[in-house]
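# Descriptive structure summary
The lines below spell out each chain.
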Amino acid sequence: MSQRAYAGRLASRDQASRTGPSRDCEECRRGLRSCHLPRGSVNPLFDQLTCEARPDRLDSRPIHAEVLNLPKRDNPRVATLKEVISCTSDYDPDALPVAKANEVIRSFVHPVSGVEKLRVRAALGRVLAKEVVSPINVPSHDNSAMDGYAVRNDDLGAGEPVTLTEIGTAYAGREFTGEVRRGECVRVMTGAVMPKNTDTVIMQEAVNVEGKRVTIPAGQERGQNRRLAGEDLQKGKAALTAGRMLRPADIGLIASLGIGEVSVRRKLKVAFFSTGDELVSVGKKLKAGNVYDSNRYTLWGMLTRLGCESTDLGVVRDDPKELEAAFRKAAAVADAVVTSGGVSVGEADLTRQMMAKLGEVVFWKIAMRPGRPMAFGRIRARGRSAYLFGLPGNPVAVMVTFYHFVRGALLTMMGRTDADLPLLRAKSETAMRKKPGRTEYQRGILELKNGEWGVRLTGAQGSGILRSMSEANCFVVLGHDQGAINAGDYVEVMVMDGLV
Ligand code: AMP
Ligand code: MG
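Residues numbered from 1 in each chain as written. Chains lettered and ligands numbered in written order. Predicted model: local features only at pLDDT ≥ 70, side-chain atom pairs only at ≥ 80, totals over all residues. Heavy atoms only, no water.

### Regarding the site of ligand 1
Taken together, 16 residues sit near ligand 1, with Glu 278, Asp 293, Ser 344, Glu 347 and Gly 393 positioned nearest. Here Asp 293 contributes a side-chain N or O atom positioned 2.7 Å from a nitrogen atom of ligand 1. Here an oxygen atom of ligand 1 sits 3.3 Å away from a polar atom, N or O, in the main chain of Asn 394. Computed on the free molecule, ligand 1 has an accessible area of 480 Å², of which 79% lies beneath the protein chains in the complex. (Near = heavy atom within 4 Å. Polar contact = N/O pair within 3.5 Å; in protein donor to acceptor, adjacent residues only side chain to side chain. Areas by Shrake-Rupley, 256 points an atom, 1.4 Å probe, with all protein chains shown as cover.)

In structure tokens form, the structure reads like this:
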């Protein structure tokens, strides 16, 4: 079925019946939620679309779910990972620079195509799926930017004051309906529609008033203190482009156009679990050699901050059967699966053999610190597929690899077009050892000192020392070719934008 035909089918189904679980949807069958797909509509191309509606709250309930009608070129045949990699120059899985790994990841992942229409407030933090075109001019009329007097600029003297007669008042929301003739002016409040024939506003503090006689000093400029119709947003032009995450200013802007509903991409579903025989969940007793599982907390936190709908699949033992079952379960319910542990040299073989059964997964040794080993690919189960990010087990390595690989990939899948993070320059307070040939993400504290940004490290930088992340407010990014840093050198820092 073509994408257009599929969209049409969804639309006509929407008119006919809008509710009820579908037997064709794996999640509905499993009682995870109720979606609105028609019977027999499962199409592997659109398998991400199987569940859209989540009527948790009336206000956030989608008004309507649809398939994003992408132009053909945006929806090519899905490339295999092998094909993507074959297009990547200098690809070496055993010494992969950070930028190359990101190049492969970003070329392989695609945005989900499910779209839902939400009321404006419910769309806060969601990704706009279609541009918002302004149906009106904002402001809709020329109006005053000040409390003062609206005048005809032609009446004003070039070099001397002029006295005009006040003939009425215009308020915001209550316009002056008369006509302003030569020698006349109108008292105006901020936001009031400019009275007919006037073009300039004199602020009230600048004039001298005696009864109805208003004296205006020389030196006024034509058009001053007047807001022009459409100067904020022009009718017919794009007010907001697709691919942006809607922030408070955006939802206010949409409201200023009188628009009550917007089309946003559906939420991304991400399943995650930890692997390791040594892991104990919070609430259980710690025996010798055990560690509490903290990765499921940091991962949950980061996924939640990103705006994903996450599913916690718990701790999975280092056992091929258990691992396979967990990966199958995850792939069946999510668009992406994020795991921690099981990809380090000693454990990768086990995971590698098992993964080969489920899909296409590559194992990388990335030229970075912390976070060298990582698995990436796509796995399939029960007719659905999910992107896989197999992160290392060390708690800092999990956060660093999530921040620098998974974050951008998930944002791309969400439809966001602004996935990159800015780097700032700061003066290093400390010397740092560093060898060229790998990227390092040291945890730092960025502070303004004597008008300049300075950065110092948080102390021990081991990849298991989670305290270094907790204390940090930035990463000091020491690039691939960078050598050692002396105190006083300038370094690049990446501010943690609230995600970690
Ligand atoms: P792995 O990558 O599985 O070899 O794990 C590397 C290190 O990270 C080991 O010391 C593990 O005990 C630790 N680790 C792995 N997973 C977790 C987790 N979920 N929470 C805390 N530490 C972990
Ligand atoms: Mg392990």
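From this point, the discussion proceeds with the structure in view.
### A few points about the sheet that holds strand β18 (residues 336-340)
With mixed pairing, six strands are arranged side by side in an open sheet as β17-β14-β18-β22-β21-β19. For this open sheet the edge positions go to β17 (309-316) and β19 (359-365), each flanked by a neighbour on one side alone. Strand-to-strand twist of the sheet, defined as the mean angle between neighbouring strand axes without regard to direction, takes the value 15 degrees. Strand direction decides the pairing type here: strand β14 (residues 269-275) and β17, joined by six bridges, are parallel. Looking at the pairing, Ala 271 lines up with Thr 311 of β17. (Pairing = 2+ DSSP bridges. Helix = DSSP H or I, 4+ residues; strand = E, 2+ residues; numbered from the N terminus. Axes fitted to C-alpha atoms, helices over the stretch in contact; angles between N-to-C directions.)

### Details of the packing of helix α6 (residues 295-306) against helix α9 (residues 395-414)
At their nearest, the axes of α6 and α9 sit 11 Å apart, and the two run at 30 degrees to each other. Taken as axis vectors, α6 and α9 run roughly parallel relative to one another. Helix-helix and strand crossings are classified by hand; for α6 and α9 the assignment is right-handed. Contacts between α6 and α9 involve Asn 295, Thr 298, Leu 299, Met 302, Leu 303 and Leu 306 from the first element and Pro 395, Val 398, Met 399, Phe 402, Arg 407, Leu 410, Leu 411 and Met 414 from the second. By residue class, the composition of the contact of α6 with α9 is eleven nonpolar, two polar and one charged. (Parallel < 35°, antiparallel > 145°, perpendicular 65-115°, else oblique. Left-handed = near helix turned anticlockwise from the far one by under 90°. Contact = heavy atoms within 4.5 Å. Nonpolar A, V, L, I, M, F, W, Y, C, P; charged D, E, K, R; others polar.)

### Let's talk about helix α8 (residues 345-358)
A rise of 1.5 Å per residue sets the reference length of α8, with its 14 residues, at 20 Å; its end C-alpha atoms lie 20 Å apart and thus fit the reference within 8%. Along its length, α8 reaches its greatest deviation from straightness, about 25 degrees, at Thr 351. Buried residues along α8 sit against α7 (320-333), β19, β21 (373-381) and β22 (384-391). (Expected span 1.5 Å × (residues − 1). Bend = angle between axes of the 7 residues up to and from the residue.)

### Considering the nonpolar core
Residues Phe 376, Phe 389, Phe 402 and Leu 410 are the most contacted members of the largest nonpolar core, which totals 53 residues. With 13 residues, α9 is the largest single contributor of residues to this core. In contact with Phe 402, other than residues within four places in its own chain, are Leu 299, Met 302, Leu 303, Leu 306, Leu 391, Arg 407, Leu 410 and Leu 499. (Core = buried A, V, L, I, M, F, W, Y, C linked by side-chain atoms within 4.5 Å. Buried < 20%, exposed > 50% of the residue type's maximum accessible area, 1.4 Å probe, protein only.)

### Notes on the sheet that holds strand β6 (residues 162-170)
The strand order β8-β5-β7-β6-β10-β9 describes an open sheet built from six strands, whose pairing is mixed. At either end of the open sheet lies a strand with only one pairing partner, and these are β8 (200-203) and β9 (208-210). Sheet twist, expressed as the average angle between the axes of neighbouring strands with direction ignored, equals 35 degrees. Where β6 and strand β7 (residues 184-188) come together, four bridges link them in parallel fashion. Note that in β7 the partner of Thr 169 across the bridge is Arg 187.

Everything listed here is a matter of coordinates, which is why it stays silent on function.
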